[in-house]
Amino acid sequence: MFLGRGDNGPVVMPVADHARHLFDGFTVVAWAYAFDPHRVLWAARSDGKLLSFTWVRGLNVMAWAIHTLGGGETVEDLITIPEGTEDAVYMAVHHNGGDRRVMRLAYATLPLAEAEDGELVPDVRYAVHLDQCTTYNGLQTTRTLVIVTPADIAVGDTVLVEVSSGTLRSDEIDTDGDVVKFDDPDGGEPWRFRIITHFAGLQYTAQLLNRAMTEAQCPTSGEWWLCRHSVSDVAADTGETVTALADGNEIPGLVVSTSGVKICEVEDYANYAGIIHVGLPYNGDVESLDARPKDARQRLLKKVVVEFEHTRGGHVGPDFDHLVEIRNREVDHGYLTIPLRRNEEVEPVVDEWGVGGRVALRQSSPFPMTILGILRDSVSGGDGSGG
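Here, residues in each chain are numbered from 1, in the same order as that chain's written sequence. Side-chain atom pairs in this predicted model are given and counted only at pLDDT of 80 or more, local residue features only at pLDDT of at least 70, and totals for whole chains, interfaces and linings cover all residues. The side-chain figures draw on all heavy atoms in the structure; neither hydrogens nor water molecules are used.

**Student:** Honestly, the overall build of the protein chain in this entry has me stumped. Any pointers?
**Tutor:** By definition, any uninterrupted DSSP run of H or I lasting at least four residues is a helix, any uninterrupted run of E lasting at least two residues is a strand, and each is numbered from the N terminus. Along the protein chain, the regular secondary structure elements total zero helices and 31 strands. For every residue, the accessible area (1.4 Å probe, protein chains only) is compared with the maximum for its type, and the residue is labelled buried under 20%, exposed over 50%, or partly exposed between those bounds. Taken over 387 residues, the protein chain has a buried fraction of 40%. Taking all contacts inside the protein chain whose residues are at least 6 apart in sequence as the whole, residues at least 24 apart take part in 61%. Summed over all atoms, the accessible surface of the protein chain reaches about 21000 Å², with 50% contributed by carbon and sulfur. Working rule for contacts: check all heavy atoms of both residues, and any pair within 4.5 Å makes them a contact. To be clear on the numbers: accessible area is Shrake-Rupley with a 1.4 Å probe, and residue cover counts the displayed protein chains and nothing else.

Next comes the structure, spelled out in structure tokens:
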């Protein structure tokens, strides 16, 4: 049951009737409603599976989804707690080995960044689609780092930089290869400097690594990033294979060691990252129902048009055994990080004759996927009787 609002006041709706296959033979042992930001009803099923229910009241559209946790984990209990602008969802999770932990669901409420067309979209660097995720965020906002003597700087030049407020602990910049980064306000590739050695006081010698900087571009204030090549104290267990999202770039197939996870070698300064998420990858699957039959004739699915918002990556096909990758990089992206975007993706689909015409989508990369609509283009044939 779900409490809604009707013309004459509150009404109770039997919303489980819209997805009986998810409830037959099971009971709901716990549930919690998160009003902000997405108005989601979360439920723990008696077999430990996690369910979610969403309702677009203006369109009277309801949907249930099932969420399987990795490692054989099951959900025992749920609670929502208001935190800032959202209702945080906490779950009591039981591992098949007997351990229990409290897990917080992470929503894709991301800071905004300006896209190529000037539109403000969620910043892909903060996107998280990983389980047991650990994050390093090196964004520095309370202290500034400046070039002591601004001038035109060529790649490879050494300059003097100074932390103009606050201090740098020895474990933050160890004077042996740490990298600091300044974002380009015009949207170009960020400038990277390798810290070489401590000079005096709050001053350090630094070498420009990647692109020339003019005197006018030398930073005198604002935010900057302290970049790392590894993350320690990760939530995943030693020996597990994890995926990293480093400054918005996916790095799969990393193995957790006793000291953590390395995204690159110590001397590979170009790949140091200012914000790093490390966690277990998983598949987010969406499968449509069969197309509503107008008659008994067979159908051949020719292509699928999917409208996305704030999405990057993914696969689409007639089923999960015949998926094709959705193209991500465009020419205007150059060598920069591919942003989240709103787009309409048209994919040809190799299908077989049938009466269903289902569409399957999968997100296995550590990025959010928001689907606004699915349009199927099919042709009709005979009734399949052979006559």
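**Student:** What am I meant to see in unusual backbone geometry here?
**Tutor:** Working note: non-glycine residues mostly have negative phi, and peptide bonds are mostly trans. Not every positive phi belongs to a glycine, and aspartate 233 is a case in point at roughly 55°. You can see aspartate 233 is positioned in the loop between β20 (230-231) and β21 (241-246).

**Student:** Sorry, what's going on with the pattern of salt bridges here?
**Tutor:** Pairing between side chains of opposite charge can happen when the charged atoms of each approach one another. Take a side-chain nitrogen of Lys or Arg and a carboxyl oxygen of Asp or Glu: if they are within 4 Å of each other, that pair is a salt bridge. One pass over the full model with this rule turns up nine salt bridges. Salt-bridge contacts for arginine 125 lead to aspartate 183; the nearest nitrogen and oxygen are separated by 3.5 Å. Note that arginine 125 is positioned in the loop between β11 (120-122) and β12 (131-137) and aspartate 183 in the loop between β16 (179-182) and β17 (191-200), a separation of 58 residues in sequence. Between arginine 192 and aspartate 247 there is a salt bridge whose closest N-O contact spans 3.7 Å. Remark: aspartate 247 occurs in the loop between β21 and β22 (249-255) and arginine 192 occurs in strand β17; sequence separation between them is 55 residues.

**Student:** Got a minute to help me understand the sheet that holds strand β28 (residues 324-325) in this structure?
**Tutor:** Each strand in a sheet pairs with another by means of backbone hydrogen bonds, the pair being arranged parallel or else antiparallel. Taken in spatial order, the four strands line up as β25-β30-β27-β28 in an open sheet, and their pairing is antiparallel. Every other strand in the sheet has two partners, leaving β25 (284-287) and β28 as the edge strands with one partner each. With three bridges connecting them, strand β27 (residues 315-317) and strand β30 (residues 360-363) associate as antiparallel partners. Across the sheet, the residue bridging to glycine 317 is alanine 360, located in β30. By definition, two strands form a pair when at least two bridges between them are found by DSSP.

**Student:** Where do I start with the pairing of strand β15 (residues 158-163) in this structure?
**Tutor:** Each regular strand shows side chains that alternate between the opposite faces of the sheet. Burial along β15 is one-sided: Val159, Val161 and Val163 are buried, and none of Thr158, Leu160 and Glu162, which face the opposite way, are. Where strand β14 (residues 145-147) and β15 come together, three bridges link them in antiparallel fashion. By the bridge assignment, isoleucine 147 is partnered in β15 with valine 161. Where β15 and strand β18 (residues 203-208) come together, five bridges link them in antiparallel fashion. The residue of β18 that forms the bridge with valine 159 is alanine 206.

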